[in-house]
Amino acid sequence: MRSQPVRRRTVLRGLGLSALGLTAGGTLAGCGIPAAKQSADSCLSTDKSAEQKTLIFSNWPSYMDESDEKVNGQTVLPTLVEFEKRSGVKVTYTPDINDNAEFYAKIRDQLGACQPCGRDIIVLTDWMAARTVGLGWIQKLDHSKIPNVDKHLLKQLRAPGWDPNRDYSVPWQTGLTGIAYNAKFTKEVGSFADLLSRPDLKGKVTLLSEMPDTMSFMLKLTGADPAKFNDAAWSKALEKLQDYVGTGHIRRFTGNDYVQDLNAGNIVACEAWSGDVLALQADNPNIKFVVPEEGLAIWSDNMLVPNKASHKANAEALMNYYYDPEVAATLAAWVNYICPVEGAQQAMEKVDPELVDSPLIFPDSATLEKSTGFMALDTAKAKLYETDFNLAIGG
Amino acid sequence: MSALGHLSTPVTPEPVAARKGGRRRTAYLLLLPGGLWLILFFVVPLVSLVAASLYDPNGSIEAGFRMTWSFHNYVDAIADYAVPLGRSLWYSLLTTAFCLLLGFPLAYAIAFKAGRWKNLLLALVIAPFFTSFLIRTLSWKLLLGDNGFVVDALRTVHILGSDGRLLATTAAVVTGLTYNFLPFMVLPLYASLEKIDHRLIEAGSDLYASAFTTFRTVTFPLAMPGVVAGTLLTFIPAAGDYINAQLLGTPKQRMIGNDIQRLFAAGAYPTAAALSVTLMAAITVLVLFYVRRAGTEELV
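Conventions adopted
Residues numbered from 1 in each chain as written. Chains lettered and ligands numbered in written order. Predicted model: local features only at pLDDT ≥ 70, side-chain atom pairs only at ≥ 80, totals over all residues. Heavy atoms only, no water. Domains from an automatic or database assignment. Contact = heavy atoms within 4.5 Å. Buried area = accessible area lost by both parts, 1.4 Å probe. 1 Å grid on protein atoms, 1.4 Å probe; cavity = no way out; pocket = protein on both sides within 12 Å on 5 of 7 lines; lining within 4 Å. Points joined across faces, edges and corners; volume = space filled by probe spheres on them. Helix = DSSP H or I, 4+ residues; strand = E, 2+ residues; numbered from the N terminus. Nonpolar A, V, L, I, M, F, W, Y, C, P; charged D, E, K, R; others polar. Salt bridge = Lys/Arg side-chain N within 4 Å of Asp/Glu carboxyl O. Buried < 20%, exposed > 50% of the residue type's maximum accessible area, 1.4 Å probe, protein only. Pairing = 2+ DSSP bridges. Disulfide = S-S within 2.5 Å.

1. Examining the domain arrangement of chain A
Residue and element names in this part refer to chain A.
Then, number 1: Each assigned domain of chain A is listed with its residue range as follows: domain 1 (54-174 + 300-362) and domain 2 (175-298 + 380-393).
Then, number 2: The distance between the C-alpha centroids of domain 1 and domain 2 comes to 26 Å.
Then, number 3: Taken together, the 13 residues of domain 1 in the interface contact 14 residues of domain 2.
Then, number 4: For the pairing of domain 1 and domain 2, the buried interface totals around 1200 Å² over both sides, and the portion due to carbon and sulfur atoms is 63%.

2. Some remarks on empty space enclosed by the protein
Residue and element names in this part refer to chain A.
Then, number 1: For the structure shown, the criterion picks out four cavities of 30 Å³ or more.
Then, number 2: Looking at the largest cavity, its volume works out to about 50 Å³.
Then, number 3: Around the largest cavity, the lining residues are Pro171, Trp172, Gln173, Met303, Tyr322, Tyr323, Ala328, Leu331, Cys339, Pro340 and Val341.
Then, number 4: When residues of the lining of the largest cavity are assigned to their parent elements, the largest contribution, three residues, is made by strand S7 (residues 169-182).
Then, number 5: The class makeup of the residues in the lining of the largest cavity is ten nonpolar, one polar and no charged.

3. Some points on the interface of chain B and chain A
Frequently, the measure chosen for interface size is the accessible area that the parts lose on association.
Then, number 1: If you look at the interface, chain B gives 47 residues, while chain A gives 48 residues.
Then, number 2: Together chain B and chain A conceal approximately 3900 Å² of surface at their shared face, both sides included; 52% is due to carbon and sulfur atoms.
Then, number 3: In this structure, the connection of chain B to chain A is made through three salt bridges.
Then, number 4: Across the pair Glu386 of chain A and Arg262 of chain B runs a salt bridge whose closest N-O atoms are separated by 3.9 Å.

4. Brief notes about the pairing of strand S9 (residues 250-254) of chain A
The side chains of a regular strand alternate between the sheet's two faces.
Residue and element names in this part refer to chain A.
Then, number 1: Within S9, five of the five residues are buried, which leaves it mostly tucked inside the rest of the structure.
Then, number 2: With four bridges joining them, strand S8 (residues 205-208) and S9 adopt parallel strand pairing. Across the sheet, the residue bridging to Leu207 is Phe253, located in S9.

5. Let's talk about the domain arrangement of chain B
Then, number 1: Taken domain by domain, chain B comprises domain 1 (12-47) and domain 2 (81-294).
Then, number 2: Between the C-alpha centres of domain 1 of chain B and domain 2 of chain B there is a distance of 37 Å.

6. Brief notes about the state of the cysteines
Residue and element names in this part refer to chain A.
Then, number 1: Tallied over the full model, the rule gives one disulfide over all chains.
Then, number 2: Covalent S-S linkage joins Cys43 and Cys114, the inter-sulfur distance amounting to 2.0 Å. Between Cys43 and Cys114, the disulfide has an S-S torsion of 90° and is therefore right-handed. A residue pair is termed long-range when its members are at least 10 positions apart, and Cys43 in the loop between strand S1 (32-33) and strand S2 (54-58) and Cys114 in the loop between helix H3 (100-112) and strand S6 (122-125) qualify at 71 residues.
Then, number 3: For Cys43, a relative accessible area of 4% puts it in the buried group.
Then, number 4: Residue class for Cys114 comes out buried when judged on its relative accessible area of 16%.
Then, number 5: Here Cys117 stays unpaired: no disulfide links it, and the sulfur of Cys43, its closest cysteine neighbor, is 11 Å away.

The structure is reproduced here in structure tokens:
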């Protein structure tokens, strides 16, 4: 006798269901993401700088001087070429960092598992640099190889809370967060209180989507110190922000792209970064940068050597080179951010005398005193605050 | 049993059986590459997404995430993000409706009235794809800008108030979505309409049906597979889109994709994953319901 043949569809369905059951029960339970914290003992890096004269350098866009003419269709980076000449180290330079959180997402799996991330120098803003240092992902620098840094680093930048001896980080550029406005469309905006409440600005202002920048000012507006605050102060500042979002006063939260909107007049005033505004001013004199009454937020973008990067000595040579005041002045004249190198102001006489007195490249100590940094956060706090901030800036 | 039976009664000629077995094996072999692809790039990520949505919400990248079967993640995520979630579905519904309203006449004209211009018109429908999605959306920013000519013109004729704007409004976001997904509506509609036997439409008028009745009872039902395919191809990607809301909207137009992206970057994996799964489930339920109602015999 013949048994009823089992239908193929039934078999497939059965297989599918049991596979699903197995996955659900077995695989899901086995899932999880291991802790990403490393230490100098758990993740050893070897330095091959002596044999390999190479260096892979990842940085932000428009953060390196470029010469006007191209050679073989390639943009020439004069100070970098000079470094290659002096040191004999071949540098692969990629401006592939657009956003701290985004770049972090790109490298965290490798660094969390003590794998190389393919770069010898990365450049991260204070709060993100603090996070990676806290996670033990960054190699300790040998200060005997960076004497220029020890000699010329601005006093105000020598001891940030998250790296008090600059053991792990060296500032690349420093910048200020303040207010920019387009004088063609509005009169001066002098403070964040004005920016966020003046009726003629409704729907025509943007804030930055970088949490520390925007929350620095919310904390200041609610009477707290962004460099040192507690959860209660945070909640109060967050509520303030929510109010402004709720009324529709704030048009958007942006990254660097506020530049185009401000230039086109879609927005008339915004929270802005000093270097962007200076660069924009060169083309459009109507764009103005204001030191808000609440003060400025100051931050640095820091060079870091991640774990497993195998050219640390070459990286240190580059750091040392960029702390030569003359080199620093050449760079600053092009990128327009605050130069963290003492003596660069004197050197600027030779590079571009017009910029010697630029308050946004060489701010006086009164401006710097009015500027505050943002408290360093551990990853758990950072996640909590980022999530809060995300909820607040959603409508 | 049956194997023994086969041996004792050699009725079935051997070669045929062999050929049948071979054919079956070929069929499975042909399924293999696609199946492997699906397992690697669909099943594995999906399982890992569902797993991530059940991790301990108090975990962090620093400490790692443990599987704690925290179904509560879903409750929290939906409570916190119900508004953008609903907004995403609402916007994509609007987008689909506008695409259908704009796309049907266009596809109809190309299929029935375009004559020798047919290929050119089809090429024009596809032409925007030669530019990146991002660039096309950014160009809308220029077009709709507060000091652009469109807004100026609308202000002059008092459709917009002197302080009115187009950019950073719901209208801008839905317009952007409609524009970006229109070709996905037009192409399947065209494919369906093109196949329609003209004699059926002629038969309609032969039987004294008005043009509208013929359209309603003959053309439209025959174009149904295209309508279903087009609406699905528009609705599903539009619900997950966040570029249009990001570039053309304000915080009040945020869609769920914006939130998922930010949560992911902030390291809040469980919430981000729970929201993704919720969105997927919501779309699946809506689509299943819709497909059941509309019928898809010709689709699959």
